[in-house]
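Spelled out from the first residue to the last, the chains are:
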Amino acid sequence: GNSVTQMEGPVTLSEEAFLTINCTYTATGYPSLFWYVQYPGEGLQLLLKATKADDKGSNKGFEATYRKETTSFHLEKGSVQVSDSAVYFCALSEVAGGTSYGKLTFGQGTILTVHP
Amino acid sequence: KAGVTQTPRYLIKTRGQQVTLSCSPISGHRSVSWYQQTPGQGLQFLFEYFSETQRNKGNFPGRFSGRQFSNSRSEMNVSTLELGDSALYLCASRVGLADTYEQYFGPGTRLTVT
């Protein structure tokens, strides 16, 4: 079946540091890939997505590129802020014939803490 | 436009009881999915409904069930509650089934089983 593996956390950084959170996946077919963020006490917010190989998703300074050859979708940000402190989830959904199955398969989440 | 709303936000139940959680999707969204989030198992897919039909189901026992109404609102029911059912239950909605439609999540219902 499908699976998503994220780097072990937690990750602690100083403000303005460079962030990388690794994500690799196993899937049949050609999944869509996502990064979601969860702030304390809240639900998940979509951060960015990519639907085909070599696509780059970007939002709020975060970027991730869909690498089919390495089955990876690593999240990066050049300069993190204290407000970026949250839990980050990598996820995939199966796609067949342009239709996405509603099931998202998530990684275990990576806790990011940014200190001033 | 209002986001996905879930009620109640917090719930405390006793083992053996049953519980019903409600989810109102974003206006115009016809698909609703449910997820369970626990510290041990992470985020796991429960089921998806589209046009009042269950379209996909995760690996959960039959005690977990759901339905969707004609206005796209959805309910999830858990019968004979167990301690292990304590979790954050998240609902997500999307416009339709095309892969370009992303899922928008609600704030969740925190269920505690004692």
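Residues numbered from 1 in each chain as written. Chains lettered and ligands numbered in written order. Predicted model: local features only at pLDDT ≥ 70, side-chain atom pairs only at ≥ 80, totals over all residues. Heavy atoms only, no water.

Caption draft 1: Structural context of the overall build of chain A. Within chain A one finds zero helices and twelve strands. Going from N to C terminus, chain A has its helices and strands arranged as β-β-β-β-β-β-β-β-β-β-β-β. Its C-alpha radius of gyration of 14 Å places chain A within 12% of the 13 Å reference for a compact globule of 116 residues. For chain A, the spread of C-alpha atoms along the three principal axes comes to 45 × 30 × 25 Å. A total of 116 residues make up chain A; the buried ones form 42% of that total. Intrachain contacts of chain A at a sequence separation of at least 6 include 57% that bridge at least 24 residues. Counting only carbon and sulfur atoms, one obtains 49% of the accessible surface of chain A, whose full area is about 5,400 Å². The averaged location of the 11 negative side-chain charges in chain A is 8 Å from the averaged location of its 8 positive side-chain charges. (Helix = DSSP H or I, 4+ residues; strand = E, 2+ residues; numbered from the N terminus. Rg over C-alpha atoms; globule rule 2.2 N^0.38 Å. Buried < 20%, exposed > 50% of the residue type's maximum accessible area, 1.4 Å probe, protein only. Contact = heavy atoms within 4.5 Å. Areas by Shrake-Rupley, 256 points an atom, 1.4 Å probe, with all protein chains shown as cover. Lys, Arg positive; Asp, Glu negative; His and termini not counted. Charge placed at Lys NZ, Arg CZ, Asp CG, Glu CD.)

Caption draft 2: Just the nonpolar core, in detail. Core analysis: the largest hydrophobic core is formed by 25 residues, its most contacted members being Leu19(A), Trp35(A), Leu48(A), Phe73(A), Leu75(A) and Tyr88(A). Of all the elements in the fold, those that place two or more residues in this core are strand S2 (11-14), strand S3 (19-21), strand S4 (23-26), strand S5 (32-38), strand S6 (44-50), strand S8 (62-65), strand S10 (86-96) and strand S12 (110-115) of chain A. The next biggest cluster of nonpolar side chains, apart from the first, holds 21 residues, and it includes Val19(B), Leu21(B), Met76(B) and Val113(B). (Core = buried A, V, L, I, M, F, W, Y, C linked by side-chain atoms within 4.5 Å.)

Caption draft 3: Representation of the sheet that holds strand S1 (residues 5-7) of chain B. Residues and elements named next belong to chain B. What the four strands build is an open sheet, ordered S1-S3-S8-S7; its pairing is antiparallel. Each of the sheet's edge strands pairs with one partner strand only, and the pair in question is S1 and strand S7 (64-68). Mean inter-strand twist for the sheet, computed between neighbouring axes without regard to direction, equals 20°. Sheet analysis places S1 next to strand S3 (residues 19-24), joined by three bridges and oriented antiparallel. In the sheet register, Thr5 faces S3, and the bridge partner there is Ser24. (Pairing = 2+ DSSP bridges. Axes fitted to C-alpha atoms, helices over the stretch in contact; angles between N-to-C directions.)

Function cannot be read off these values alone, since they describe shape.
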